[in-house]
Amino acid sequence: SHKNDRTSDRWFECKSNGGLTSVSDAEEKWLEKVSLRSYKLNSISRFPRQDDFREKQSMNGLTWDDLPRFDPARVTNTRWLVRQFIAECNLQLVFGQRGSFKSTFLLCAAKAVASGEELLGMKTRPRRVLYLDHENPANVIRARCQDLGLDTAANPNLIIWDRFGHQQIPRPNDPVLEVIVNQSVLETGYGPWIILDSWSSLLRPGEGGESTGQIAPIYMQLRKLCDLGATITVLDHSRKYDENVIYGGADKEAKADSIHNFLIYENSVHPQKPIVRVETWLKRYAPKGIGVFSFAVQSQEDENGEWHIVGLKPVKD
């Protein structure tokens, strides 16, 4: 919140209990930079509830006329990172059975967005992409990078952060993620696309994600990152005996902005090229079923008899 009086401008943090506290010198310096560059940063306009407060006012003393008001004029239209698949600054849930190529597809999508290329014929917007891989072995990540031609060393906009480095992968409540998002907004004008693989890795030991008390705190932290400008995608699994139902509590679907279920089908003509159908529910943007698409996984055997995924190809639904 930017507080004004007639003599000076000062920055304060507005607490949930209504109190106001001064920000640090470092935070104030960053906020001043953002304020001065706000005319350049389109994403600044997506904070419609951050109103100015006078020095003498506190949250407890607000009148009806002083209440923060939503201002549609300060909000941009929906922007799609991937057309009818990923809406910017929103929270997306991708789930399916094990082996339904969710990670493979999201890595291809990450490459496309980081490079500003089309994905299976769908237009993308160039953004920074951070893939937080809590799940896959290092040799699997390496093989996918090679097979899919990710070339992360040559693409500064694409980072895969795995659990084998010298620094632990940040979880949703880690302040480092807020720093990453804020820096991206300041430097590029847009927040990054953050992909978390997978949901079970975000839970505390002993939790299964069936209750609201286990689900809501994670969503609260992820939503906070979205409000700062990030786009969030979380990978998850479907139930063992029902591929159409996500594992865990119903709150997972209720709190997400869009949901995508990956269903795998055998290819009777080319068994080595299975087909994946992505059933899409753009909850807040379109009726269920809009945005559904299918793709075939392209596999190839090398001279040593080992199979590699060499790409994805769009197919008729």
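Treat the numbers as computed from the prediction; the structure is a model and nothing was measured.

S.K.: For unusual backbone geometry, give the residues involved together with the corresponding values.
M.R.: For residues that are not glycine, phi is negative in most cases, and the peptide bond is trans in most cases. With an omega of 10 degrees, the peptide bond running from Asp197 to Ser198 counts as cis. Among the secondary structure elements, Ser198 is positioned in the loop between β10 (193–197) and α5 (212–228). A positive phi angle, close to 65 degrees, is found at Cys89, a residue other than glycine. Note that Cys89 resides in the loop between β6 (86–87) and β7 (91–96).

S.K.: I'd like a rundown of the packing of aromatic side chains, residues and numbers included.
M.R.: For the structure shown, the criterion picks out eight aromatic pairs. Ring geometry for Phe85 against Phe105: centres 5.4 Å apart, planes inclined by 80 degrees, an arrangement best described as edge-to-face. Of this pair, Phe85 sits in the loop between β5 (80–82) and β6 while Phe105 is found in helix α2 (residues 102–115), placing the two residues 20 residues apart along the sequence. Neither residue differs from the other here; Phe85 and Phe105 are each classed as buried.

S.K.: I'd like a rundown of the nonpolar core, residues and numbers included.
M.R.: In terms of nonpolar packing, the biggest core is built from 36 residues, with Phe105, Leu119, Trp193 and Phe295 touching the most fellow members. Those elements that place two or more of their residues in this core are β5, α2, β8 (129–133), α3 (138–147), β9 (158–162), β10, β14 (275–281) and β15 (293–301). Contacts of Phe295, omitting those with residues within four sequence positions, involve Phe105, Leu120, Phe262, Pro274, Ile275, Val276, Val278, Leu312, Lys313, Pro314 and Val315. If you look at the next biggest cluster of nonpolar residues, it comprises 27 residues, including Leu91, Leu132, Leu196 and Ile215.

S.K.: Pulling in residues and values, what's your account of α2?
M.R.: Helix length check: α2, at 14 residues, gives a terminal C-alpha distance of 20 Å against a target of 20 Å (1.5 Å per residue), a fit within 8%. Most of α2 is tucked away: twelve of the 14 residues are buried. Turning to α2, its buried residues are Lys102, Ser103, Thr104, Phe105, Leu106, Leu107, Cys108, Ala109, Ala110, Ala112, Val113 and Ala114. Immediately beyond the C-terminal end of α2, within one or two residues, lies Gly116, with a positive phi of roughly 70 degrees.

S.K.: Break down the environment of Ser200 for me, citing the residues and quoting the values.
M.R.: Along the chain, Ser200 turns up in the loop between β10 and α5. A C-alpha to C-alpha distance of 9.0 Å links Ser200 and Leu235, two positions 35 residues apart in sequence.

S.K.: So what about the pairing of strand β11 (residues 231–239)? Which residues, and what values?
M.R.: The buried fraction of β11 amounts to eight of the nine residues, a majority that puts the element mostly inside the structure. As defined by bridge partners, β7 adjoins β11 across six bridges and the pair is classed as parallel. In the strand pairing of β11, Gln92 is matched with Thr233. In this structure, β10 lies alongside β11, joined through five bridges in parallel fashion. Looking at the pairing, Leu196 lines up with Val234 of β11. A crossover connection joins β10 to the parallel β11 through α5; in handedness this β-α-β unit is right-handed. The pairing of β11 with strand β12 (residues 242–246) spans two bridges and is classified as antiparallel. Directly across from Ser238, in β12, lies its bridge partner Ile246. A loop of two residues connects β11 with β12, the two strands running antiparallel in sequence.

S.K.: Report on the layout of surface pockets, specifying residues and quantitative values.
M.R.: Empty space within the second largest pocket amounts to approximately 260 Å³. Lining the second largest pocket we find 13 residues, and of these Asn173, Leu202, Arg204, Pro217 and Ile218 sit closest to its centre. Looking at the lining of the second largest pocket residue by residue, the classes come out as six nonpolar, four polar and three charged.

S.K.: If you had to explain the packing of helix α4 (residues 175–188) against α5 to someone new, which residues and values would you point to?
M.R.: Across the interface, α4 lies against α5 with an axial gap of 9 Å and an inter-helix angle of 15 degrees. The orientation of α4 with respect to α5, classified from their angle, is roughly parallel. Two packed elements cross with a definite hand, and for α4 against α5 that hand is right-handed. Along its contact with α4, which presents Leu177, Glu178, Val181, Asn182 and Val185, the element α5 presents Lys224, Leu225 and Leu228. For the contact of α4 with α5, the per-class residue count stands at five nonpolar, one polar and two charged.

S.K.: Requested: an account of the side chain of Ser198, with residues and values cited.
M.R.: Residue Ser198 is classed as buried on the basis of its relative accessible area of 2%. There is a polar contact of 2.5 Å between the side chain of Ser198 and the side chain of Glu135. Dropping the residues within four chain positions of it, Ser198 is found in contact with His134, Glu135, Leu235 and His237.

S.K.: Please give an account of the confidence of the model for the protein chain that cites residues and values.
M.R.: For the protein chain, the average pLDDT comes to 86, and 87% of its residues sit at 70 or higher. Confidence drops under a pLDDT of 50 for residues 1–8, and excluding neighbours within four residues, the segment shows 26 contacts in the predicted structure. Considering only residues more than four positions removed or in separate chains, one finds that residues 42–57, a stretch of pLDDT under 50, has 54 contacts.

S.K.: Kindly report on the pattern of salt bridges, identifying the contributing residues and their values.
M.R.: A full pass over the atoms with the stated rule returns nine salt bridges. A salt bridge links Lys224 to Glu178; its shortest N-O distance comes to 3.1 Å. Pair noted here: Lys224 is in helix α5 and Glu178 is in helix α4, with a separation of 46 residues, a long-range link. A relative accessible area of 25% means that Glu178 is categorised as partly exposed. Salt bridges sharing common partners tie together Arg79, Glu88 and Arg127.

Rules of the game
Residues numbered from 1 in each chain as written. Predicted model: local features only at pLDDT ≥ 70, side-chain atom pairs only at ≥ 80, totals over all residues. Heavy atoms only, no water. Helix = DSSP H or I, 4+ residues; strand = E, 2+ residues; numbered from the N terminus. Phe/Tyr/Trp six-rings, centres within 6.5 Å; stacked < 30°, edge-to-face > 60°. Buried < 20%, exposed > 50% of the residue type's maximum accessible area, 1.4 Å probe, protein only. Core = buried A, V, L, I, M, F, W, Y, C linked by side-chain atoms within 4.5 Å. Contact = heavy atoms within 4.5 Å. Expected span 1.5 Å × (residues − 1). Pairing = 2+ DSSP bridges. Right-handed = clockwise from strand over helix to strand, strands pointing away. 1 Å grid on protein atoms, 1.4 Å probe; cavity = no way out; pocket = protein on both sides within 12 Å on 5 of 7 lines; lining within 4 Å. Points joined across faces, edges and corners; volume = space filled by probe spheres on them. Nonpolar A, V, L, I, M, F, W, Y, C, P; charged D, E, K, R; others polar. Axes fitted to C-alpha atoms, helices over the stretch in contact; angles between N-to-C directions. Parallel < 35°, antiparallel > 145°, perpendicular 65-115°, else oblique. Left-handed = near helix turned anticlockwise from the far one by under 90°. Polar contact = N/O pair within 3.5 Å; in protein donor to acceptor, adjacent residues only side chain to side chain. pLDDT = per-residue confidence, 0-100. Salt bridge = Lys/Arg side-chain N within 4 Å of Asp/Glu carboxyl O.

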